[in-house]
Amino acid sequence: MNASTLFEKGKYEKALEKLNKAEKLAEEAKSSDLLCRTLLHKGEVMDAMDKPGEALMLYEKALGISSNLFLNEPQDSSYQIYLYNSIGLIGKNLEDRDSFSAAEKSYERTNKYFDGMTQFHNLVISHFFPSFKLQFLC
């Protein structure tokens, strides 16, 4: 059985074993794509095992990887999905925990990725819509 099937059946420890192996293989292969997907799945398993702090760290690590993938190839829909899922899972994790301090610490750890997104966004806007920027300066 694969990790997703084990997860759906509630066999979280077994799913985690498979995902740990997949993470190791992804790192050895230097496959950021596979590593990002694996980290997101591991985070979901940790959330299901009621380990939200560990899940959050995995989601944040996936955010770092997915933001780099996206910034290097923004047109790749897979990378867009990884980025979207990373942000969404971080948000859900923090919402479920209802902890302002956890949210604040997560923001401090992940803010650097959002700064990169903002710079990229501004670059794209100024490149494709040069007059758009001027409207706000007047």
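Novice: Can you tell me about the packing of aromatic side chains, naming the residues and giving the values?
Specialist: Inspection of every chain in the model, using the stated rule, returns two aromatic pairs. Here the aromatic rings of F7 and Y12 are separated by 5.5 Å at their centres, their planes lie at 55°, and the arrangement is tilted. Among the residues examined, F7 registers a relative accessible area of 29% and is labelled partly exposed. Their ring planes at 40° and their centres at 6.1 Å tell us that Y79 and Y82 sit as a pair that is tilted. Of this pair, Y79 and Y82 both sit in helix 5 (residues 77–97), separated by three residues, roughly a single helical turn. Owing to a relative accessible area of 11%, Y79 belongs among the buried residues under this scheme. Judged by relative accessible area, Y82 falls into the buried class, the value being 9%.

Novice: I'd like to hear about the pattern of salt bridges, residue by residue, with values.
Specialist: Per the counting criterion, the structure on display carries five salt bridges. One salt bridge in this structure joins R37 and D33, with 3.0 Å as the shortest N-O distance. Linking R37 with D33, this pair stays in helix 3 (residues 32–48), spanning four residues, or about one helical turn. Members of the salt-bridge network, linked through shared partners, are E23, E27, K42 and K61.

Novice: Lay out the layout of surface pockets with the relevant residues and their values.
Specialist: Think of a ball as big as a water molecule: rolled over the atoms, this probe shows where empty space is left. In this model, the largest pocket occupies a volume close to 200 Å³. Lining of the largest pocket is provided by 13 residues; of these, A3, S4, L19, H41 and E44 occupy positions nearest its centre. Looking at the lining of the largest pocket element by element, the count peaks at six residues for helix 3. Taken together, the residues that form the lining of the largest pocket break down as seven nonpolar, four polar and two charged.

Novice: Can you tell me about the environment of K92, naming the residues and giving the values?
Specialist: Secondary-structure assignment places K92 in helix 5. The sequence separation of K92 and L56 amounts to 36 residues, and the corresponding C-alpha distance is 9.7 Å.

The rules behind these values
Here the residue numbers are simple positions, counted from 1 along each chain's written sequence. Per-residue local features of the predicted model are confined to residues with pLDDT of at least 70, and side-chain atom pairs are confined, for both listing and counting, to 80 or more; whole-chain, interface and lining totals are unaffected and use all residues. Derived side-chain values reflect all non-hydrogen atoms in the structure, with water molecules and hydrogen atoms excluded from consideration. Only rings of Phe, Tyr and Trp enter the pairing, Trp through its six-membered ring, and a pair is recorded when the two centres are within 6.5 Å. The plane angle decides the type: under 30 degrees is stacked, over 60 is edge-to-face, the rest tilted. Burial status follows relative accessibility: with a 1.4 Å probe on protein chains alone, a residue under 20% of its type maximum counts as buried, one over 50% as exposed, and anything between as partly exposed. Secondary structure elements follow DSSP: runs of H or I no shorter than four residues count as helices, runs of E no shorter than two count as strands, and numbering proceeds from the N terminus. Only one rule defines a salt bridge in this text: a Lys or Arg side-chain nitrogen within 4 Å of an Asp or Glu carboxyl oxygen. Residues are called lining when one of their atoms sits within 4 Å of a cavity or pocket point, these points coming from a 1 Å grid over the protein atoms alone, where a cavity is a set in which a 1.4 Å probe fits but cannot get out and a pocket is an open set with protein on both sides within 12 Å along at least five of seven lines. Grid points are joined across faces, edges and corners, and a volume is the space filled by probe spheres set on the points. Each residue is assigned to one class: nonpolar for Ala, Val, Leu, Ile, Met, Phe, Trp, Tyr, Cys and Pro, charged for Asp, Glu, Lys and Arg, and polar for all the others, Gly among them.

Purely geometric stuff here, so don't read any function into it on its own.
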